[in-house]
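The lines below spell out each chain.
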Amino acid sequence: MRGVSDPQAFREIYETHHAAICAYFARRAARDEVEDLAAETFAVAWRKLPRRLEHPLPWLYAVAGNVLANHRRKAARRGALAPDPASGDPAELFGGDRGLAVAFAALSAREREAICLVAWEGLSGADAARAAGCSAATFAVRLSRARKKLARELEPDLVVVSEPI
Amino acid sequence: MDPVLERVRAANPAAADDFVGAADFAALSRSLAPPPPRRIRRHRWFSVPVVAAAIAALVVLPASAPQASEVLSRAVQAVAVDDGAILHAHSEYSYGDVRGSREVWVQGDVAMRSIDGDGGEEAFRRGAGTVRRSPGGAVTSHPETVLVPTEIFRVRGLLERARDVGLSEQGDAYVLRWRERSGPPHGPTIEMTLWVDKETYAPLRFTDHSWGTAADGKPFDQTYSEQIVEFERLPDTAENRKLLELGG
């Protein structure tokens with residue numbers, strides 16, 4: 001895959017989406033790591049961003065996801081403690097909504113990410129699927145299951161009637 | 001309004017607005033600048049342990065590397081087109097003495113277009129067959145001919161039915177290697193190898209290596225190799241669909 005060849009075009013992409021990518025990492029990693037992770041994401045983008053990508057943000061989120069996964073693997077290898085769903089990791093703090101943090105901890109990593117890409121990054125189903133690296137159909141099923149599971153954890157008697165996306 | 005997603009939205013721990021103004025393209029550019037050239041000290045010879053260590057470095061994965069199943073899954077997703085997307089690849093291939101380049105656009109099993117380095121072009125659409133244009137410009141129609149995309153585009157099916165996929169690491173690539181089921185008349189050994197980008201999981205290179213004894217009793221050893229120069233996924237838009245048409 002050839003990277004984007006026009007520095008000006010890349011600069012526009014960087015300046016347009018830098019804040020969104022920083023926010024993505026701020027929701028999932030420690031604040032003091034956000035800038036480095038964002039810089040690593042754009043370094044990858046500089047080398048690998050397809051030349052004719054019309055809508056780069058989902059692609060950037062996909063790269064950010066890989067950068068974050070590598071970062072977490074390295075942290076785990078160093079023996080860093082896994083984030084505490086109810087207290088430690090900013091991704092799990094949920095603005096002080098402890099019930100939500102506890103319920104979220106019951107979801108798998110993929111299910112959490114499906115919910116977050118839609119609720120926090122505000123992506124459409126199709127764009128969230130690109131960011132998650134799967135088909136739109138697969139993502140819709142994953143999100144639906146994640147919502148139902150989260151609803152059950154939040155309110156065991158809640159009946160989920162709507163199916164957005 | 002979905003109450004579950006609304007509750008998650010309300011608990012969003014960070015907003016993009018928090019980072020407006022934090023972009024520093026000059027700093028990023030400095031970090032992207034290539035390092036100054038180093039003086040390379042040339043070794044005239046290598047000891048056997050040095051060579052062995054270099055070879056081992058190609059095949060041993062660090063403990064932090066993902067599992068084969070994860071790489072496999074992401075490689076399959078990288079070429080999935082369930083949403084009607086169009087895959088485009090520009091590649092260079094070799095097979096024995098034959099070498100060439102081609103550019104291919106594929107939309108599932110619906111449509112495909114291929115341009116060879118010699119200028120020849122083919123376009124296929126399900127239900128309409130294939131239209132060819134020779135390097136000289138002559139256009140012919142072949143309604144019964146179905147074009148089958150190269151392995152890079154079919155790698156999803158290949159990987160999904162593959163068993164015992166081996167994973168190793170080579171520079172910026174993960175290397176997936178597996179054996180294809182063989183059969184009569186001469187049951188060759190068929191080994192497929194796919195290099196995928198460590199960061200995007202897009203295919204970088206593919207080889208189909210087969211060897212054994214041919215039906216006439218003679219040994220053979222053949223390798224088809226395809227090096228991906230560019231690989232991208234295009235959305236299914238009217239403009240991109242034109243790329244699937246002859247001369248598009």
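Just so you know, these numbers come straight off a predicted model, no measurement behind them.

Procedures and definitions
- Residues numbered from 1 in each chain as written.
- Chains lettered and ligands numbered in written order.
- Predicted model: local features only at pLDDT ≥ 70, side-chain atom pairs only at ≥ 80, totals over all residues.
- Helix = DSSP H or I, 4+ residues; strand = E, 2+ residues; numbered from the N terminus.
- Buried ≥ 20, exposed ≤ 12 C-beta atoms within 10 Å, placed from the backbone.
- Contact = placed C-beta atoms within 7 Å.
- pLDDT = per-residue confidence, 0-100.
- Core = buried A, V, L, I, M, F, W, Y, C linked by C-beta atoms within 7 Å.
- Domains from an automatic or database assignment.
- Expected span 1.5 Å × (residues − 1).
- Arc of directions from axis to C-beta.

Chemist: For this particular structure, what's the right way to read the overall build of chain B?
Modeler: Per the secondary structure count, chain B includes six helices and eleven strands. Split into buried and exposed, the 248 residues of chain B put 22% on the buried side. Counting only contacts in chain B whose residues sit at least 6 apart along the sequence, the fraction spanning at least 24 positions is 48%.

Chemist: What is the right way to look at the confidence of the model for chain A in this model?
Modeler: Where the model shows low pLDDT, its predicted coordinates should not be examined in detail. All names here are of chain A. Chain-level pLDDT for chain A is 80 on average; 78% of the residues reach the 70-or-more range. No element of chain A has a lower mean pLDDT than helix α4 (residues 90-93), at 53, and none a higher one than helix α6 (residues 109-119), at 93. Scored below 50 in pLDDT, residues 81-88 shows 14 contacts in the model against residues more than four places distant or in partner chains. Scored below 50 in pLDDT, residues 159-165 makes eleven contacts in the model with residues more than four places away or belonging to other chains.

Chemist: Help me understand the nonpolar core in this model?
Modeler: Here is a general trend for soluble globular proteins: nonpolar side chains tend to be buried in one another's company. Counting residues in each nonpolar core, the largest one holds 54 residues, and the members touching the most others are Phe25, Ala64, Ile115 and Val118 of chain A. Taken together, the elements giving at least two residues each to this core come down to α1 (7-26), α2 (31-48), α3 (56-77), α5 (98-105), α6, α7 (125-132) and α8 (136-154) of chain A together with α1 (3-10) of chain B. Each of domain 1 (1-82) and domain 2 (97-165) of chain A gives at least three residues to this core. If you look at the next biggest cluster of nonpolar residues, it comprises 34 residues, including Ala75, Phe153, Val155 and Phe231 of chain B.

Chemist: Honestly, α8 of chain A in this entry has me stumped. Any pointers?
Modeler: One full turn of an α-helix is made of 3.6 residues, so residues set three or four places apart face in the same direction. Its 19 residues give α8 of chain A an end-to-end C-alpha distance of 26 Å, which sits within 8% of 27 Å, the value for a rise of 1.5 Å per residue. Within the sequence span of α8 of chain A, burial applies to Ala136, Phe139, Arg142, Leu143, Ala146, Arg147 and Leu150 of chain A. Along the long axis of α8 of chain A, the arc covered by the buried residues comes to 135 degrees, so they all point the same way. Buried positions along α8 of chain A lie against α5, α6 and α7 of chain A together with α1 of chain B.

Chemist: Hey, could you run me through α7 of chain A in this one?
Modeler: Most of α7 of chain A is tucked away: six of the eight residues are buried. In the segment just after α7 of chain A, Gly133 of chain A is the residue with positive phi, at about 75 degrees.

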